Amino acid sequence: MMEQRILDIADQLLLIEQELKVQGWWSDATPSAEALASVEPFAVDRMSFEQWLQWIFLPRMKLILEHGHPLPSASGILVMAETVFVDRPEQSRELRRLLATFDQLIAPSA
């Protein structure tokens, strides 16, 4: 039986995807191979944070869940989101809330 935490994380990923679409931050255009191959944290040198969420973060997390790979032991996504959306606090409120919940789900329970 799949662990409840895995199911919760999967649900959270779907909510994050849905919110990106609601805000119009979901793109049909795939970033370039160079952008996708970025080694910078959050691919900041090659794509927007929203693109990183869509094209790197969500697919990578889905693969981890589907294949039962170990989960990351920590997530700093909310910190990055707070920085990126500093000028869009209202528009990004729900996405930041969802990312905060994701961070909590990833963090090993104390």
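Residues numbered from 1 in each chain as written. Predicted model: local features only at pLDDT ≥ 70, side-chain atom pairs only at ≥ 80, totals over all residues. Heavy atoms only, no water.

J.: Please explain the pattern of salt bridges as it appears in this structure.
T.: Any two side chains of opposite charge can pair, on the condition that their charged atoms come close. All told, the structure shown has eight salt bridges when counted by the stated rule. Across the pair R96 and E82 runs a salt bridge, and its minimum N-O distance is 3.2 Å. Of this pair, R96 sits in helix α5 (residues 93–106) while E82 sits in helix α4 (residues 77–84), placing them 14 residues apart in sequence. Residue E82 is classed as partly exposed on the basis of its relative accessible area of 38%. The partner of E94 in a salt bridge is R97, and the shortest N-O contact between them spans 2.7 Å. Of this pair, E94 and R97 are both found in helix α5, three residues apart, which corresponds to roughly one turn of the helix. One connected set of salt bridges, linked through shared partners, spans E17, K21 and K62. (Salt bridge = Lys/Arg side-chain N within 4 Å of Asp/Glu carboxyl O. Helix = DSSP H or I, 4+ residues; strand = E, 2+ residues; numbered from the N terminus. Buried < 20%, exposed > 50% of the residue type's maximum accessible area, 1.4 Å probe, protein only.)

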